[in-house]
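The lines below spell out each chain.
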Amino acid sequence: MSHLTAAGTVRALGVGAPGYAHPLLAPVEWAELTRPGTPIHWAVLNVSDGPGSRPDPHCLETAGRLRQAGVRVLGHLDLAHGSRPFGELVSGAQRYLDWYRVGGFYLDRCPTDRTDLAGVRRVTTTLSALLGGDAHLVLGQGSHPHPGYAEAADQLVTFSGAWVDYRWSQAAAWTAEYPEGKFAHFVHGVPRTHLDEALRIARWQGAGTIFFTDRPGGGSGQNAPFHSLPGYWDEIVSRIGQGVSE
């Protein structure tokens, strides 16, 4: 069962998979997203820094299984902090739709400044039109952007980073104007003993979608800690729908 409404609104705290490794390298991770009862909001499919130049049979199979399980698949598009040409982004989006039948897009490295807002709005408006109105768009900024970005997409990733920073983080004051679930948080290096604390922080800051992992940061790429399952995946699945007392 999907944990998003038809309009893309988050119903309850759930998981967003920022983009596992290729299905050949992470078959267990992708399979876990289709397990019945797992509170998955969406999963990002990044074939080859985007949709790739031709359909990937392994990714086609994985995307099909996710859709069959009711999981919304988001195509990964890299905005490169606003430097990607508009035509390249639209072309990549169309390939995702044609080949993988995605239900939305994750716009990675999205700008945060007011000066780039008009360009991002142009992209998100076009992507929504391509999807025929049933789109779920996530801006992968990783920090709090200018407030105007909140109206440009369904969700914003307002934190992506290490537990040592997340533990003392604070939400921007303007986020209080939006309903719970508008924001997503990705946190690496969360110890098992602090999992409940991390979930409380997410709820206090209005995040409806999370991905917490005990994997450390560093290594190859900022998303590397999120390419595999956390060691306490079963605990997240069992706790996330139960609520955490404050």
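Here the structure is a predicted model, which is why all the values come from computation and not from measurement.

K.L.:
Help me out: how do you make sense of the packing of helix α3 (residues 86-100) against helix α4 (residues 117-130) in this one?
P.N.:
Packed helix pairs are characterised by how far apart their axes lie and by the angle those axes make with each other. Interhelical geometry of α3 versus α4 gives an angle of 25° and a closest axis separation of 11 Å. Looking at the two axes, α3 sits roughly parallel to α4. Viewed along their axes, α3 and α4 form a crossing whose handedness is right-handed. Each of F86, L89, V90, A93, Q94 and L97 in α3 lies in contact with α4, whose residues at this interface are R122, V123, T126, L127 and L130. Class assignment for the residues of the contact of α3 with α4 results in eight nonpolar, two polar and one charged.

K.L.:
It is not clear to me how the environment of V73 should be interpreted in this structure. Could you clarify?
P.N.:
Here V73 shows up in strand β3 (residues 72-78). Ignoring any residue separated from it by four or fewer positions in sequence, one finds V73 in contact with A43, L45, A63, L66, R67, V102, G103 and G104.

K.L.:
What should I look at first to understand the pattern of salt bridges in this one?
P.N.:
Any two side chains of opposite charge can pair if their charged atoms end up close together. One pass over the structure, following the stated rule, counts nine salt bridges. In this structure, R84 engages E88 in a salt bridge whose closest nitrogen and oxygen atoms are separated by 2.9 Å. Judged by relative accessible area, R84 falls into the partly exposed class, the value being 27%. Classification of E88 as partly exposed rests on a relative accessible area of 42%. In this structure, R239 engages E235 in a salt bridge whose closest nitrogen and oxygen atoms are separated by 2.9 Å. You can see R239 and its partner E235 sitting in helix α7 (residues 233-239), four residues apart, about one turn around the helix.

K.L.:
When you look at the sheet that holds strand β6 (residues 155-162) in this model, what are you seeing that I'm missing?
P.N.:
Strand pairs in the sheet, formed through backbone hydrogen bonds, run parallel or antiparallel to each other. An order of β1-β2-β3-β4-β5-β6-β7-β8 is seen for the eight strands of this closed barrel, with the pairing classed as parallel. In this sheet, neighbouring strand axes are inclined to one another by 25° on average, regardless of whether the strands run parallel or antiparallel. Sheet analysis places strand β4 (residues 104-108) next to strand β5 (residues 136-140), joined by five bridges and oriented parallel. Bridging across to β5, F105 finds its partner in L137. Against the sheet, helix α6 (residues 195-204) makes contact with β7 (183-188) and β8 (207-212), and its axis sits at roughly 150° relative to β8, the strand it touches most.

Conventions and cut-offs
Within each chain, residue numbers correspond to sequence positions counted from 1 in written order. Residue-level local features of this predicted model are given only where pLDDT is at least 70; pairs of side-chain atoms are given and counted only at 80 or more, and the full residue set underlies all totals for whole chains, interfaces and linings. Computation of side-chain values: all heavy atoms of the structure, hydrogens and water removed. Simply put, an axis is a line fit to the C-alpha atoms, just over the touching stretch for a helix, and the angle between two N-to-C directions goes from 0 to 180 degrees. Counting from the N terminus, the helices are DSSP H or I runs at least four residues long and the strands are E runs at least two residues long. The labels follow the angle: roughly parallel below 35 degrees, roughly antiparallel above 145, roughly perpendicular from 65 to 115, and oblique for the rest. For any pair of crossing helices, the crossing counts as left-handed if the nearer helix is rotated counterclockwise from the farther one by less than a right angle, and right-handed if it is rotated clockwise. Residues are treated as being in contact if the distance between any of their heavy atoms lies within 4.5 Å. In this classification, the charged set is Asp, Glu, Lys and Arg, the nonpolar set is Ala, Val, Leu, Ile, Met, Phe, Trp, Tyr, Cys and Pro, and all remaining amino acids, among them Gly, are polar. Whenever a carboxyl oxygen of Asp or Glu lies within 4 Å of a side-chain nitrogen of Lys or Arg, that contact is scored as a salt bridge. Categorising residues by exposure relies on relative accessible area from a 1.4 Å probe, with only protein chains included: less than 20% of the type maximum marks a residue as buried, more than 50% marks it as exposed, and the intermediate range marks it as partly exposed. Any two strands are treated as partners once DSSP identifies two or more bridges connecting them.

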